[in-house]
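Summary of the model geometry
Below, each chain spelled out in residue letters.
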Amino acid sequence: MATLLSCEQVGKSFGSRPLFQGITLGIGDGDRIGLIGPNGSGKSTLVRILAGLERPDSGTVSGRRGLRVGYLAQEEEFDAGLTCEDAVAQVLASQPLDELEKSVRISASLGRVGFAETGQQVDTLSGGWRKRLSLACQLALEPDIMLLDEPTNHLDLEGIEYLEQLLRAGPLPFLLVSHDRYFLENVTNRLIELNPAYPDGCLVAQGSYSDFLIQREEFLQAQARQQESLESRVKREVEWLRKSAPARSTKPGARIREAGRLLEELDELKRRNSEGRSADLSFSATKRRTKELVSTKGLTMALGGRSLFSRLNLVLSPGMRMGVVGPNGGGKTTLLRLLNGDLAPDRGEVRRADGLRAVYFCQDREHL
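Residues numbered from 1 in each chain as written. Predicted model: local features only at pLDDT ≥ 70, side-chain atom pairs only at ≥ 80, totals over all residues. Heavy atoms only, no water.

**Some words on a nonpolar patch on the surface**
Together, M320, M322, V324 and L336 give the surface a local cluster of nonpolar side chains, amounting to about 330 Å² of exposed area. Turning to its location among the elements, V324 is positioned in the loop between β11 (306–316) and α10 (332–340). (Patch = residues over 30% accessible without salt bridge, like charges linked within 9 Å, V, L, I, M, F, W, Y side chains within 5 Å. Areas by Shrake-Rupley, 256 points an atom, 1.4 Å probe, with all protein chains shown as cover. Salt bridge = Lys/Arg side-chain N within 4 Å of Asp/Glu carboxyl O. Helix = DSSP H or I, 4+ residues; strand = E, 2+ residues; numbered from the N terminus.)

**Here's the deal with the sheet that holds strand β5 (residues 69–72)**
If you trace the six strands from one edge of the open sheet to the other, you get β5-β6-β7-β3-β8-β9, paired in mixed fashion. The sheet is open, and its two borders are formed by β5 and β9 (202–206), each paired with just one other strand. Sheet twist, expressed as the average angle between the axes of neighbouring strands with direction ignored, equals 15 degrees. Contacts from helix α4 (residues 127–140) reach β5 and β6 (145–149) within the one sheet, and its direction differs from that of β5 by about 170 degrees. (Pairing = 2+ DSSP bridges. Axes fitted to C-alpha atoms, helices over the stretch in contact; angles between N-to-C directions. Contact = heavy atoms within 4.5 Å.)

**Considering the confidence of the model for the chain**
Note: predicted coordinates in regions of low pLDDT should not be interpreted at a detailed level. The share of residues in the chain with pLDDT of 70 or more is 83%, and the mean pLDDT across the chain is 84. pLDDT under 50 marks residues 278–289. Its contacts with residues more than four places away, or in other chains, come to seven contacts. (pLDDT = per-residue confidence, 0-100.)

**Concerning helix α2 (residues 84–92)**
All of the buried residues along α2 are C84, A87, V88 and L92. The arc enclosing the buried residues of α2, seen along the axis, measures out at 135 degrees, which places them on a common side. Elements that come into contact with the buried residues of α2 comprise α3 (99–112) and α4. (Buried < 20%, exposed > 50% of the residue type's maximum accessible area, 1.4 Å probe, protein only. Arc of directions from axis to C-beta.)

**Overview of the packing of aromatic side chains**
In total, this model carries three aromatic pairs according to the counting rule given. Between F115 and W129 the ring centres are 4.9 Å apart and the planes differ by 65 degrees, which places this aromatic pair in the edge-to-face class. Remark: W129 occurs in helix α4 and F115 occurs in the loop between α3 and α4; sequence separation between them is 14 residues. Centroid distance Y209 to F212: 5.9 Å. Interplanar angle 35 degrees. Geometry classified as tilted. Within this pair, Y209 and its partner F212 are both found in helix α7 (residues 209–241), separated by three residues, close to a single helical turn. Both residues of the pair, Y209 and F212, count as buried. When the ring centre of W129 is taken as origin, the NZ or CZ atom of R132, which lies over that ring, is 4.2 Å away. (Phe/Tyr/Trp six-rings, centres within 6.5 Å; stacked < 30°, edge-to-face > 60°. Lys NZ or Arg CZ within 6 Å of the ring centre and 35° of its normal.)

**Some remarks on the nonpolar core**
Core analysis: the largest hydrophobic core is formed by 40 residues, its most contacted members being V88, L110, L133, L135 and L176. Broken down by element, this core gets its largest block of residues, six residues, from α4. Setting aside residues up to four positions removed in sequence, L176 forms contacts with I33, G34, L35, L148, P151, L167, F183, L184 and V187. (Core = buried A, V, L, I, M, F, W, Y, C linked by side-chain atoms within 4.5 Å.)

**As for the side chain of T83**
With respect to the helices and strands, the residue T83 is situated in the loop between β5 and α2. With a relative accessible area of 13%, T83 lands in the buried category. Filtering out sequence-adjacent residues up to four positions away, T83 remains in contact with T118, G119, Q120, Q121 and V122.

**Thoughts on the sheet that holds strand β1 (residues 3–14)**
Strand order in this open sheet of three strands is β2-β1-β4, and the pairing throughout is antiparallel. If you trace the sheet from one side to the other, it starts and ends with β2 (17–28) and β4 (58–63), each paired once. Averaged over all adjacent pairs, the angle separating strand axes in this sheet is 15 degrees, with direction ignored. Of the strand pairs in this sheet, β1 and β2 are connected by eight bridges, and their pairing is antiparallel. Note on β2: the bridge partner recorded for S6 is G26. Its contacts with the sheet put helix α1 (residues 43–50) on β1, β2 and β4, and the angle it makes with β2 is roughly 50 degrees.

Encoded structure:
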C-alpha cells in the first residue's frame, strides 16, 4: 500500500507541557483511520500538523508530491452574507478552473452532502447544515486524502448516518478525530490512540473500534504484568544493595548501575500504567429528596414564525440520562436553553427544583 502522508518522530508541546512526543504514523490508500485519545492529548493539534497548518516542535511531516489534502475543522467559519454556492465558490477561487468546471464542482459537492437548495443563505443554516457545507467545500477541492476533526459535531442522527455512508462508499482515504464510538465502529479500519500510557506515545490497532478495545486491553494487561515482574526484580536488587557496608564495598559497579536502571524503568512503567487508567467521574450526591429536578408543562416555542414544538411535557428525575435527538433546526438547543432558564417559552412553564445546580455545556455557536 502506497503511503500518501506520514509523520516521523513528531513532537509538540503547549507551553512547558508536552502534548505528545515521538509520534510516527502513515496514511495510505485504503486507510480509514480513527484518531482517539484523552482530552488534552493533542489530537486536533496532530491533525493540524498533518494538514500543514501547524509546525511540529520536532520530527518531520512528508507527503506524496502534488498531494491534495482536505481538512475539515471542528468549527465552521464563513463570511457573512454568503450563499451556499458562494461559500464553495470562494474555496475554489484559487483553483485553475474555468467557470464551467467550477459550476460543476459546486453543484456536485453540495449535492453530494445533501443540499437540495444551494442558494440558501449560510447565516440561516443550523449547525449541522453548516458542517455539511464545510464538508462540501473540502470535497469540491477533490482531495487525495481527508483529515476530519470531530466531523459529527452538530450533526443530527440523519446527518451522521449520511456521513457514514459517504465515508464508507468512497475510495477516499481519511484520518478523523471522533469521540463517537459507534461512528468509529462503522467507518474505520484502523484506530490510533494518542496516550502517554504507551511507550511510543500511541497505540496502533488494525480493525474496527471493537478490535481496538480488545488489543488495547491485551496491551495494558501485558504492561501491568511487566510491571509486576519488574517490581520483583527491583525488590531483589534493593535487598542486595541493603547489605552491610563492607559487603557493598565489594559489589560490582556494573550491577549497581543495573539496579539504578531498573529503578528508572520501573518508575517510567508505573507512570505509563497510571496514565492508562480511565479517569473516574464522580458526581457527588446531594440530600435533595425531590423526584422531579426539572419538569415542563405545555411547553411551546416558535422561531421566526415556525413552530419548533408545542405542548411538550417532560420530567427529569435523579438518575435519569435523557438524550434529545431530532433533525438540525428542530429546536434541540432551544429546548436545552429553555430548561436551563436562558430563554422564556412562548407558552407553558418550566419548573426547576429548589436549589437545583445545573451545568449547561453549549455549542460554541448558538443555532436556535
